[in-house]
Amino acid sequence: MGRPKLLVLGTGGTIAGVAGDAMRHDYRPGQIGIEDWLADAGKFALDVDFAGEQIANIGSEDIGPTVWAKLHARLESAVEDPAYDGAIVTHGTDTAEETAFLLDLTLPLAKPVVLVGAMRPADAVGSDGMRNFVNAARVASDPEAAGRGVLLVMGDRVLAARDARKVRTRGTDDAFRGFPRGAVGIVTPASLEWFGKPWREEAAARFVFPGAFPHVPILYAAGGIDAAQADALLASDARGIVVAGVGEGNMPDPVRRLLAARARDGLIVVRASRVDEGLVDREPEDDANRFVAARALNPQKARTLLMVLLANGVTDPARIQGVFDNP
Ligand code: DAS
């Protein structure tokens with residue numbers, strides 16, 4: 001067997017960011033092009049061949065449907081293409097969990113697809129980007145990575161897309177965590193160890209990539225919010241809403257009553273939690289309200305899943321709950 005060949009899609013973020021001064025805190029994300037990045041990676045004796053393509057070069061706060069669609073289309077063709085053994089996407093860390101989960105839900109996964117980012121720009125003291133990238137190359141070129149869904153590599157950990165979440169805005173080792181399951185592997189430039197067996201039996205895509213993303217706002221609950229705030233979010237044709245609820249997906253009673261009334265008219269209401277490690281189980285009144293419990297998905301990932309389900313014509317709350325139970 002020859003050297004593995006990986007497609008590397010650049011989208012920008014801090015991994016491609018530059019401060020211009022190794023001591024500065026502020027920097028500009030999305031400055032280094034993917035070809036320059038790969039030329040730099042060529043300094044290391046990696047047993048891998050890369051082909052780079054620039055999809056975008058922006059901070060991930062600006063990544064949405066247009067970039068998602070480009071990434072999905074290119075990765076879908078790469079997974080079918082015998083020239084490639086796997087793919088890496090360089091991505092800003094702020095919304096990497098959403099892009100990873102969206103791709104996890106909508107890509108055929110016969111080959112490894114790995115997202116990677118950095119917490120510090122390329123020219124900072126203690127920059128983590130190249131180490132994360134080298135680790136990602138090790139993961140994406142390992143056939144054992146297939147069958148674990150889309151993966152995210154940060155801080156020497158391999159996280160499954162369904163579990164990965166950004167939990168810190170500083171630091172390199174523990175900026176991301178897997179919840180409710182921890183890391184699925186540990187990786188360094190010299191080693192890769194998987195925890196447990198692959199869990200995805202079907203390589204086929206689970207859902208069709210949305211041709212258009214339905215409008216699904218997130219309502220951030222807090223003491224004292226009123227129904228008017230929920231109503232304002234629903235004004236512009238929302239097909240669903242995710243409540244980043246207090247505690248285990250709770251919300252003030254006027255908000256609950258408004259959303260239950262709208263749910264009877266077909267709005268899909270998902271109760272998630274604003275708590276970092278929030279688990280939201282079904283409550284008896286969810287049946288009467290036609291609400292869905294987000295389980296372990298945080299609000300932004302619950303929104304991603306709900307957009308995909310609605311775009312795929314899945315509108316029955318019980319069926320939606322079934323997917324949230326086992327994302
Ligand atoms: N600028 C942010 C982003 O692009 C942060 C990062 O990449 O770490 O998501």
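The structure this text deals with has already been given above.
The structure reproduced in this document is the subject of the present report. This is a predicted model, so every value here is computed, not measured. Numbering of residues starts from 1 in each chain and follows the order in which that chain's sequence is written. Since the coordinates come from a predicted model, pLDDT governs what is reported: local features require at least 70, and pairs of side-chain atoms require 80 or more to be given and counted, while whole-chain, interface and lining totals use all residues. Only heavy atoms go into the side-chain values, all of them from the structure, while hydrogens and water stay out.

The next point concerns the pattern of salt bridges. Take a side-chain nitrogen of Lys or Arg and a carboxyl oxygen of Asp or Glu: if they are within 4 Å of each other, that pair is a salt bridge. Scanning the entire structure with this criterion turns up 23 salt bridges. The partner of arginine 24 in a salt bridge is aspartate 26, with the nearest N and O atoms 2.6 Å apart. Of the residues examined, arginine 24 reaches a relative accessible area of 43% and is grouped as partly exposed. When accessible area is computed with a 1.4 Å probe and restricted to protein chains, residues below 20% of their type maximum are described as buried, those above 50% as exposed, and intermediate ones as partly exposed. The exposure class of aspartate 26 is partly exposed, given its relative accessible area of 42%. Notably, a salt bridge pairs arginine 165 with aspartate 276, separated by 3.9 Å at the nearest N-O pair. With arginine 165 in strand β7 (residues 164–166) and aspartate 276 in the loop between β13 (268–273) and α7 (284–289), this residue pair connects regions lying 111 residues apart in the sequence. Here a strand is any run of E in DSSP of at least two residues, a helix any run of H or I of at least four, and the numbering for each starts at the N terminus.

As a further point, take the sheet that holds strand β4 (residues 113–116). Pairing between strands is defined by DSSP: at least two bridges between the two strands are required. What the 8 strands build is an open sheet, ordered β2-β1-β3-β4-β5-β6-β9-β10; its pairing is mixed. In the strand order of this sheet, the two ends are held by β2 (49–58) and β10 (191–194), each with one partner. Between one strand axis and the next, the sheet turns through 20 degrees on average, direction left out of account. Inspection of the sheet shows strand β9 (residues 185–188) paired to β10 by 4 bridges, in the antiparallel sense. Across the sheet, the residue bridging to valine 187 is leucine 192, located in β10. We call two residues contacting when some pair of their heavy atoms lies within 4.5 Å. Axes here refer to lines fitted to C-alpha atoms; in helices the fit is confined to the stretch in contact. Angles between the N-to-C directions go from 0 to 180 degrees. Where helix α4 (residues 129–140) meets the sheet, its contacts fall on β1 (5–12), β2, β3 (86–90), β4, β5 (151–154), β6 (157–160), β9 and β10, and the angle it forms with β3 comes to roughly 160 degrees.

With that out of the way, let us pick up the site of the ligand. As a structural note, the neighbourhood of the ligand is formed by Gly13, Thr14, Tyr27, Gly59, Ser60, Glu61, Gly92, Thr93, Asp94 and Ala118. For the purposes of these results, a polar contact is taken to be a pair of N or O atoms within 3.5 Å, where, inside protein, one atom must be able to donate a hydrogen and its partner to accept one; residues adjacent in sequence count only when each atom of the pair is a side-chain atom. Within the contact set of the ligand, an oxygen atom lies 2.9 Å away from a side-chain nitrogen or oxygen of threonine 14. At 3.1 Å from an oxygen atom of the ligand is found a main-chain nitrogen or oxygen belonging to alanine 118. Notes on the ligand: free accessible area 260 Å², of which the protein chains cover 93%. All residues other than Ala, Val, Leu, Ile, Met, Phe, Trp, Tyr, Cys, Pro, Asp, Glu, Lys and Arg, Gly among them, are scored as polar; the first ten of these are nonpolar and the last four charged. Each residue belonging to the shell around the ligand can be placed in one class, and the counts come to 2 nonpolar, 6 polar and 2 charged. For this purpose, a residue is taken to be near a molecule or strand whenever a single non-hydrogen atom of the residue falls within 4 Å of it. Only the protein chains shown count as covering a residue, and every accessible area follows the Shrake-Rupley method with a 1.4 Å probe.

All right, on to the packing of aromatic side chains then. Two rings from Phe, Tyr or Trp (for Trp, the six-membered ring) form a pair when their centres sit within 6.5 Å of each other. Planes less than 30 degrees apart are called stacked, planes more than 60 degrees apart edge-to-face, and all others tilted. By the definition in use, this model includes 4 aromatic pairs. Between the aromatic rings of tryptophan 68 and phenylalanine 213, the centroid separation amounts to 5.1 Å while the plane-to-plane angle is 55 degrees, which identifies the pairing as tilted. Of this pair, tryptophan 68 sits in helix α2 (residues 65–80) while phenylalanine 213 sits in the loop between β10 and β11 (218–220), and the two are 145 residues apart along the sequence. When the ring of phenylalanine 209 is compared with that of phenylalanine 213, the centres are 5.6 Å apart and the planes differ by 80 degrees; the resulting orientation is edge-to-face. According to the relative accessible area criterion, phenylalanine 209 is buried, its value standing at 14%. Owing to a relative accessible area of 19%, phenylalanine 213 belongs among the buried residues under this scheme. Each residue in the set Trp37, Phe50 and Phe133 is aromatic and connected to the rest through ring pairs, giving one cluster.

Here we take up the nonpolar core. Nonpolar cores are built from buried Ala, Val, Leu, Ile, Met, Phe, Trp, Tyr and Cys residues. Side-chain atoms within 4.5 Å join them into one set. Val270 and Phe324 are the most contacted members of the largest nonpolar core, which totals 55 residues. The dominant element in this core, judged by the number of residues it contributes, is helix α8 (residues 299–311), at 7 residues. Apart from the residues within four sequence positions on either side, valine 270 is in contact with Ile241, Val242, Val243, Val292, Ala294, Ala302, Leu306 and Phe324. Among the nonpolar cores identified, the runner-up in size contains 28 residues, and Leu38, Ala118, Val134 and Val187 belong to it.

Attention now goes to the sheet that holds β13. Ordered by their spatial adjacency, 4 strands build an open sheet running β11-β12-β13-β14, and the pairing between neighbours is parallel. Of all strands in the sheet, those bounded by a partner on one side alone are β11 and β14 (291–293). On average, each strand axis in the sheet is tilted by 25 degrees relative to the strand beside it, whichever way the strands run. Examined bridge by bridge, β11 and strand β12 (residues 240–245) share 3 bridges and lie parallel to one another. The residue of β12 that forms the bridge with tyrosine 220 is alanine 244.

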